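# Report on the structure
Letter by letter, the chains look like this.
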Amino acid sequence: MKKILANDGISQNGIDALEKAGFKVITTTVAQEQLANYINEHKIAGLIVRSATQVQKDIIDNCPTLELIGRGGVGMDNIDVDYAKEKGLHVINTPSASSASVAELVFAHLYNGVRYLYDANRIMPLEGDSKFKQLKKAYAKGVELRGKTIGIIGFGKIGKATAQIALGVGMKVIYHDTQVEEATVTVPFFDGQTVSFNLKNTPKDTLLQESDFITVHVPAQANYTIADSDFDKMKDGVGIINAARGGALDEVALVDALEENKVSFAGLDVFESEPNPEIRILMHPKISLTPHIGAATNEAQNRIGEELATQIVSLLK
């Protein structure tokens, strides 16, 4: 019976599917420094991780029983994918399973921003009873998303899922991607009807200049996707969302832009210094915050579990 270690967890339906296929699933969370020993001691054939566990050269070289590495999610920057494949290991991920959940979180931050909820939820418990009229006036200048332009940087599966929601809301969608020149985005509705939109790649500078809101959906990069100099090209009062990777945008430059009112608000689910975000970010009154939960919905985790189990059974059975 082959053993699968889900070191960062896996949904129950994923466990059930693997056990039904004859695998033993272990959900113990093993500390990074003890991981290689644990894999060897228990003769683990498959290692499933999310973003917390690192699977680099040391694990790959020192764990001869390992046949497969699975990432529950899209990004694979915590796995040395090329080296693992060179060594004959299967490397899998679940690129579609969490896209809708991340896209919905982007819009949670967008609605949070345009209606000042990030601030109202902090201030109302403190002053709602004594300054209700003043707060009502302070938060009375919100805007609608409908009719506004959203710029999506990175047009993979999550970028396209974000575009689906934006189009459904009535927004104009423009995107920039170094590899996707044209794309068709189909918006599905509850009754089976669909509407399709044909989009073309927009130069990055044009996107920065024309967007009312900008959201980033790129994998881990060596350099900032939105750097200090990029903020000067944006509209005054732009809103910015990062639910992709910490380091996709320059957080120091972001705070400066917020202080100068160049950026009206930001929504961050990921952070440069994660898992210890900077206090200046955490305490900033114009930033909507979540602790890297883009894919953390019940539906996404069930889809991830199912997708991982299907691939593992196919490759290791």
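The present account deals with the structure reproduced in this document. (Residues numbered from 1 in each chain as written. Predicted model: local features only at pLDDT ≥ 70, side-chain atom pairs only at ≥ 80, totals over all residues. Heavy atoms only, no water.)

### Thoughts on the overall build of the chain
The condition is simple: Counting from the N terminus, the helices are the DSSP runs of H or I reaching at least four residues and the strands are the DSSP runs of E reaching at least two. As a reference, a globule follows 2.2 Å times the number of residues to the power 0.38, and the radius of gyration itself is taken over C-alpha atoms. For every residue, the accessible area (1.4 Å probe, protein chains only) is compared with the maximum for its type, and the residue is labelled buried under 20%, exposed over 50%, or partly exposed between those bounds. Note on contacts: a residue pair is in contact if any heavy atoms of the two residues lie within 4.5 Å. A 1.4 Å probe and the Shrake-Rupley method give the accessible areas. Residues count as covered only by the protein chains that appear here. Positive charge is attributed to Lys and Arg, negative charge to Asp and Glu, and no charge count is given to His or to the chain ends. Charge positions come from single atoms, namely NZ of Lys, CZ of Arg, CG of Asp or CD of Glu.
Summing up its helical and strand segments, the chain has 13 helices and 13 strands in all. A compact globule built from 317 residues should have a C-alpha radius of gyration of about 20 Å, and the chain, at 22 Å, falls within 12% of that. With the principal axes as the frame, the chain shows a C-alpha extent of 65 × 45 × 40 Å. Within the chain, the fraction of its 317 residues that count as buried is 49%. Of the contacts made within the chain by residues no fewer than 6 positions apart, 58% connect residues no fewer than 24 positions apart. For the chain, the accessible area works out to roughly 15800 Å², and carbon and sulfur atoms hold 50% of it. Seen as two clouds, the 32 positive and the 40 negative side-chain charges of the chain have centres 5 Å apart.

### Overview of the pattern of salt bridges
As a reminder of what qualifies: Whenever a carboxyl oxygen of Asp or Glu lies within 4 Å of a side-chain nitrogen of Lys or Arg, that contact is scored as a salt bridge.
For the structure shown, the criterion picks out nine salt bridges. In this structure, Lys57 engages Asp61 in a salt bridge whose closest nitrogen and oxygen atoms are separated by 3.0 Å. Placement of both Lys57 and Asp61 in helix 3 (residues 57–62) is noted, with a separation of four residues, approximately one turn of the helix. For the salt bridge of Lys233 with Asp230, the shortest nitrogen-to-oxygen distance reads 3.6 Å. The partly exposed category is assigned to Lys233, whose relative accessible area is 32%.

### With respect to unusual backbone geometry
A negative phi angle characterises most non-glycine residues, just as the trans form characterises most peptide bonds. The residue after Glu274, namely Pro275, is reached through a cis peptide bond having omega 15°. The phi dihedral of Asn261 is positive, around 65°, even though this residue is not glycine. One can find Asn261 in the loop between helix 11 (251–259) and strand 12 (263–268). In this structure Asn261 comes out as partly exposed when scored by relative accessible area, which is 49%. Even without being glycine, His292 reaches a positive phi, approximately 55°. Position of His292 relative to the elements: it lies in the loop between strand 13 (287–289) and helix 13 (298–316). Given the relative accessible area of 30%, His292 is considered partly exposed.

### Quick look at helix 8 (residues 157–169)
Rules: Here the expected span of a helix is defined as 1.5 Å times the quantity of residues minus one.
With 13 residues, helix 8 extends 19 Å from end C-alpha to end C-alpha; this agrees with the ideal 18 Å at 1.5 Å per step. By the burial criterion, the buried members of helix 8 are Ile158, Gly159, Ala161, Thr162, Ala163, Ala166, Leu167 and Val169. Backbone geometry just after helix 8 places Gly170 at a positive phi near 100°.

### Remarks on the environment of Asp80
Keep this limit in mind: The definition of a polar contact used here is a pair of N or O atoms within 3.5 Å, where within protein one atom must be able to donate a hydrogen and the other to accept one, and adjacent residues in sequence count solely through side-chain atom pairs.
Relative to the assigned elements, Asp80 resides in the loop between strand 4 (68–71) and helix 4 (81–86). Through-space distance from the C-alpha of Asp80 to that of Thr202 is 32 Å; in sequence the pair is 122 residues apart. Setting aside its immediate chain neighbours within four residues, Asp80 contacts Val55, Gln56, Lys57 and Ile60. At 3.3 Å, the side chain of Asp80 forms a polar contact with the backbone nitrogen of Tyr83.

### Comments concerning the sheet that holds strand 3 (residues 44–49)
Selection criterion: Any two strands are treated as partners once DSSP identifies two or more bridges connecting them. Convention adopted: a line fitted to C-alpha atoms gives each axis, helices being fitted over their contacting stretch, and angles between N-to-C directions are expressed from 0 to 180 degrees.
Spatial strand order, 2-1-3-4-5: five strands in an open sheet with parallel pairing. Unpaired on one side and paired on the other, strand 2 (24–26) and strand 5 (90–93) mark the two borders of the sheet. In this sheet, neighbouring strand axes are inclined to one another by 20° on average, regardless of whether the strands run parallel or antiparallel. Strand direction decides the pairing type here: strand 3 and strand 4, joined by four bridges, are parallel. Residue pairing across strands places Ile48 opposite Gly70, the latter belonging to strand 4. Contacts between helix 13 and the sheet are confined to strand 1 (3–6), strand 3, strand 4 and strand 5, with strand 5 contributing the most and set at about 160° to the helix.

### A few points about the sheet that holds strand 13
Through backbone hydrogen bonds, the strands of a sheet pair up, either in parallel or in antiparallel fashion. Pairing in this open sheet of six strands is parallel, and the strands run 7-6-10-11-12-13 from one edge to the other. Among the strands making up the open sheet, the edge pair consists of strand 7 (172–176) and strand 13. Strand-to-strand, the axes of this sheet are offset by a mean angle of 15°, without reference to chain direction. As defined by bridge partners, strand 6 (residues 149–153) adjoins strand 7 across five bridges and the pair is classed as parallel. Its bridge partner lying in strand 7, Ile153 is registered against His176. Along the sheet, helix 5 (residues 99–114) makes contact with strand 6, strand 10 (213–216), strand 11 (238–242), strand 12 and strand 13, crossing strand 12 at roughly 150°. Packed on one face of the sheet, helix 6 (residues 117–127) meets strand 12 and strand 13 and runs near 80° to strand 13.

### Side note on the nonpolar core
Nonpolar side chains tend toward joint burial in soluble globular proteins. Note the cut-off: Throughout this description, the term nonpolar core refers to a set of buried Ala, Val, Leu, Ile, Met, Phe, Trp, Tyr and Cys residues connected via side-chain atoms within 4.5 Å.
If you look at the biggest cluster of nonpolar residues, it comprises 27 residues, and the most contacted ones within it are Phe107, Leu110 and Ile150. Secondary structure elements with two or more residues in this core: helix 5, strand 6, helix 8, strand 7 and strand 8 (182–188). In this structure Phe107 touches Leu145, Ile150, Thr162, Ile165, Ala166, Val169 and Met171, once residues within four positions along its chain are discounted. Leu207, Ile226, Ala253 and Leu258 belong to the second largest nonpolar core, which has 25 residues in total.

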